[in-house]
Amino acid sequence: MKKLLIILLLLGGIVLYPQSTKLALVCNAQFNGTSSSVQFNSLIARLNSDSLISSVYFFGNITQAGSLEEFESLKLTLKYLNKPYSILPYKSDVRDFDGYSKYLEIFGDDKFVINGGSFVFIGINPAIPYSGIHHFMLENLNWLEETLDTFSLSKEIYFFSPIEVEKIGNWNEVLNLLSKKNVKMIISGYAAKNESRSLYGINTISLKSSYEKINTDLSIYYLQITKDSVTVSSNEKILFAIDKTIQPEVTLPVKKDFENFSAKVETNIDLRSSVLSGAVYWENKIYIAEESGMVSCYDTTGTLHWDYDTFGNLISSPLIADRMVALATVQGEIITLSAISGEQIQSIGFEENITTGLTAFEYTGNKLLMIPKLTKSKNAIVFGTASGKVYCYDLETLQEYWINANSQGMIKSQPVVIENKILFSSYDGFLYCIDARNGLLIWRWKEKAETDFSNSRILTDGKHVYAVSSDNTIYSIDLLLGKLIWKNDNVKIFPSINFMSEQKYLLAESIDNKIIRLSCSTGHVEKEFRTSKMLANSPQEIIGYADNIIFTNEGLVSSIDNTNTETKILLTDNSPIIDLKKINNDNLLATTLNGRVLLFSVR
C-alpha cells in the first residue's frame, strides 16, 4: 500500500509540474521548389538529426509566390521530415486562388492548435486570402475563444504569429482572449531583428526570417521550454532566456470600438461578421455582402428588410442594375435577386472560381442571344476568374456574350469599363484592355518583366489609364494605344488611388505617411500633406470632399485641408475600412472588415 502511494505521488508530481519540450521554428522560409530545394533538403537533414526536437513549426511566407506548383513540391519535400510539424501561412501563401486551394487540400487549415501536454501551441494566419490585409477575422476570433475555453488555467499558452501581432487588425481582441488564460509567450516572425520584449505584460519574442539568400542555410530557431524558463537559441547561440516564474501583470490598453468626433451619422449597422467588400447604396437602401455568403438589405434607419444566403463565399460587392441585385460567389455561381424583395430570380454556375466583383455596362455588340429577353435592357456583366478568364454575360438572362482568355494569371482587380473598352490587371503582371463588344484583346502593357499591376486599383479619365505597380510606382498609360505617357517613381504610394477635382488630380497615400496630390497630365506632385499617424498596411481609401481630402487609416476616418490641418471624423471600429465612397454631395458610406457600415456626413 505504501509503495502504491509513492507511485501515485510521483505520477501526481508529473501532472503538477510542466514537462520540458524543445521546438524548432522556421520563419519566412520562402520555398520555391527549384533553387531553394537544396536549402530545404539541408534544413530537413538538420531537423531529423536532432532527436530532442519534439515538433517543428513553419510560419510566415512558407512559399515565395503561393503557387500550386510550389505547394505540391513542398508536400513532396516535407515527407522526408521525420518530426511532427505545423504550418502557419502568411501573405505570399494566400495570394493565389489555385495555390491557396492546394495549400488547404494538403495541410487542411490556415490555423492550428497543438495540445502538448502541459503546453498548448496556437497559431492563426492573419493575412486575409487574396488581399494581403493583416487582420484577424472575426470568425477566427470566435474559433480562438472556443479553443481556449477547452483548456484549463494550468495549461501554458504559446501563441504564434507570422508578424508582430500589434500590426494586425483586431490584435487587441486576440490579446484580450489570451490574457484570460495562462498565456506565457507570443512568438512572431518577419522581424527586422531578433528581439525579446513585453507586450502589455505578455512576454513576446520577434524573430528574423530564416531565409536570407539562395545558397545560404535556412536558420532554425530552437524554443526550449522547461518548468521555470523559456530559452531561444540559433546556431548554438542563446538569443534569449526568459524566467517564467516572473509573471508581470497584463494591462491591456482601453479599446474604443466606436467614436464620433465630427460626423453626422445617419445609419450605423454592426453585423459583427466579416465583410470583404464595400456596401452599396441604392434607392435609400443599403446592400451588404458578408464573407460567409449572406447578403442583406437595410434601410437608412438600420432596419433589416430582407436577407438571402448564397451558400457560398462573397468577396466582392453586390451589383445593382435593372432593379436586380447580382452576386458572384467565389465558388463560381452568379445569382440575381430582386432588389426590392430579395427573392431569387435565377442563377448560373461556372467551372471557374470567380475572383473579382461584377461590373455592369451597356452591351453594344452584335451577339444574338438564344433565349429572347423580356425587357429592352442592354445591361451586361463582366467578371474575372482564378484561371485568368474574363466572362461577359447578359444580366437579365445570364446568357453568354463572350469569353476572353488572354491573361495568364488570376484576375483580382475589378474590371473597369469605358467607351467599349474593358480594363483589368492579372497576376501575370500585365494591364489589359479588351473590346467590350467581343472580348478581343486591344492591348496589354507593363514596363518590364518584373512590373506587376495585379493589386492596383485601375482608374481612367477616358484618355488615360492610371495604375500603381507592386513597387509603389504610379503610371499613366494611353487608353487608345496602350503606351506609357508618364510614370512617377519618386513618391512611393499605396495602390488605392482616386480622382479629385473633376479628374484633374490624382489622390494617393504614400508609404512615408503623406497624402499626395498629383497632376493627371504630368504626374508631378502638386501638393503634399503630412499625416499625424503612420499609415497602416490596410486598404487606403481616399476621396475629395468639398475643399478637403477625406482619408482612412485602419478604422479612423479623417480630413485634411489645404493648410495641412487634420481633423478626426469617425473611429468606426477596430478593423480597417475597406471601402469609403461618396453617395451624393453630402453623404459618405463606409464599410469595415468587421462588418460595420456607416452612412454619414461631415459637419
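Since the structure is predicted, the reported quantities are computational estimates derived from the model, not experimental observations.

(A) Local environment of helix H4 (residues 97-107). Buried within H4 we find Phe97, Gly99, Tyr100, Lys102 and Tyr103. Against helix H3 (68-78) and strand S3 (85-88) lie the buried residues of H4. By the N-cap criterion, in which a side-chain oxygen at the helix start approaches the backbone nitrogen of a residue two or three places on, H4 is capped by aspartate 96, the distance to aspartate 98 being 3.3 Å. Looking one or two places after H4, you find glycine 108, whose phi comes out positive at around 90 degrees.

(B) Spotlight on the packing of aromatic side chains. In total, this model carries 35 aromatic pairs according to the counting rule given. Arranged with centres 5.8 Å apart and planes meeting at 85 degrees, the rings of tyrosine 466 and phenylalanine 499 form a pair that is edge-to-face. Here tyrosine 466, found in strand S32 (residues 464-468), pairs with phenylalanine 499, found in strand S35 (residues 498-500); they are 33 residues apart in sequence, far enough to count as distant. For phenylalanine 499, a relative accessible area of 16% translates into the label buried. Three or more aromatic residues joined by ring pairs make a cluster, and in this case those are Tyr57, Phe59, Phe112, Phe119, Phe121, Tyr158 and Phe160. The ring of tyrosine 222 carries the charged tip of lysine 22 above its face, separated from the ring centre by 4.7 Å. Between arginine 95 and the ring centre of tyrosine 427, over which it is positioned, the NZ or CZ distance is 4.1 Å.

(C) Structural context of the environment of asparagine 455. Mapped onto the secondary structure, asparagine 455 falls in the loop between strand S30 (441-445) and strand S31 (459-460). On the basis of relative accessible area, asparagine 455 is assigned to the partly exposed category, the value being 43%. In sequence terms asparagine 455 and serine 73 are 382 residues apart; their C-alpha atoms lie 26 Å from each other. Setting aside anything within four residues of it in sequence, one finds asparagine 455 in contact with Lys412, Tyr427 and Pro495. In this structure the side chain of asparagine 455 is engaged in a polar contact, spanning 2.4 Å, whose partner is the side chain of lysine 412.

(D) Quick peek at the nonpolar core. Phe58 and Phe159 are the most contacted members of the largest nonpolar core, which totals 55 residues. At five residues, helix H6 (residues 171-179) tops the list of elements feeding residues into this core. One finds Met185, Tyr221, Val230 and Val232 within the second-largest nonpolar core, a separate group that totals 22 residues.

(E) Looking closely at the layout of surface pockets. In this structure, the second largest pocket spans a volume of roughly 180 Å³. Around the second largest pocket sit Leu138, Leu141, Asn142, Glu145, Glu173, Asn176, Leu177, Lys180 and Arg272, which together line it. Of all the secondary-structure elements, those providing two or more residues to the lining of the second largest pocket are helix H5 (138-148) and H6. Top element by residues in the lining of the second largest pocket is H5. It accounts for four residues. Classifying every residue of the lining of the second largest pocket gives three nonpolar, two polar and four charged.

(F) Inspection of the sheet that holds strand S21 (residues 333-338) at higher detail. Reading across from one edge, S19-S20-S21-S22 is the order of the four strands in this open sheet, with antiparallel pairing throughout. Of all strands in the sheet, those bounded by a partner on one side alone are strand S19 (319-321) and strand S22 (344-349). For this sheet, the mean inter-axis angle between neighbouring strands, taken without regard to orientation, is 20 degrees. The pairing of S21 with S22 spans five bridges and is classified as antiparallel. Across the sheet, the residue bridging to glutamate 333 is glycine 349, located in S22.

(G) The side chain of threonine 329, seen in detail. Relative to the assigned elements, threonine 329 resides in the loop between strand S20 (324-328) and S21. Here threonine 329 is in contact with Thr310, Gly312, Asn313, Leu314, Ile335 and Ile354, once residues within four sequence places are set aside.

(H) Structural detail: the pattern of salt bridges. Counted according to the given criterion, the structure contains 18 salt bridges. Glutamate 166 is the partner of arginine 197 in a salt bridge, and the nearest nitrogen-oxygen pair spans 2.7 Å. You can see arginine 197 sitting in strand S8 (residues 195-199) and its partner glutamate 166 sitting in the loop between strand S6 (156-161) and H6, a full 31 residues away along the chain. Under the relative-accessibility criterion, glutamate 166 is labelled partly exposed at 29%. Linking arginine 596 and aspartate 257 is a salt bridge whose minimum nitrogen-to-oxygen distance equals 3.7 Å. Of the two residues, arginine 596 sits in strand S45 (residues 596-602) while aspartate 257 sits in the loop between strand S12 (237-243) and strand S13 (259-260), which places them 339 residues apart along the sequence. The class of arginine 596 is buried, set by a relative accessible area of 7%. Three or more residues joined by partner-sharing salt bridges are found here, namely Glu72, Lys102 and Glu105.

The rules behind these values
- Residues numbered from 1 in each chain as written.
- Predicted model: local features only at pLDDT ≥ 70, side-chain atom pairs only at ≥ 80, totals over all residues.
- Heavy atoms only, no water.
- Buried < 20%, exposed > 50% of the residue type's maximum accessible area, 1.4 Å probe, protein only.
- Helix = DSSP H or I, 4+ residues; strand = E, 2+ residues; numbered from the N terminus.
- Contact = heavy atoms within 4.5 Å.
- Polar contact = N/O pair within 3.5 Å; in protein donor to acceptor, adjacent residues only side chain to side chain.
- Phe/Tyr/Trp six-rings, centres within 6.5 Å; stacked < 30°, edge-to-face > 60°.
- Lys NZ or Arg CZ within 6 Å of the ring centre and 35° of its normal.
- Core = buried A, V, L, I, M, F, W, Y, C linked by side-chain atoms within 4.5 Å.
- 1 Å grid on protein atoms, 1.4 Å probe; cavity = no way out; pocket = protein on both sides within 12 Å on 5 of 7 lines; lining within 4 Å.
- Points joined across faces, edges and corners; volume = space filled by probe spheres on them.
- Nonpolar A, V, L, I, M, F, W, Y, C, P; charged D, E, K, R; others polar.
- Pairing = 2+ DSSP bridges.
- Axes fitted to C-alpha atoms, helices over the stretch in contact; angles between N-to-C directions.
- Salt bridge = Lys/Arg side-chain N within 4 Å of Asp/Glu carboxyl O.

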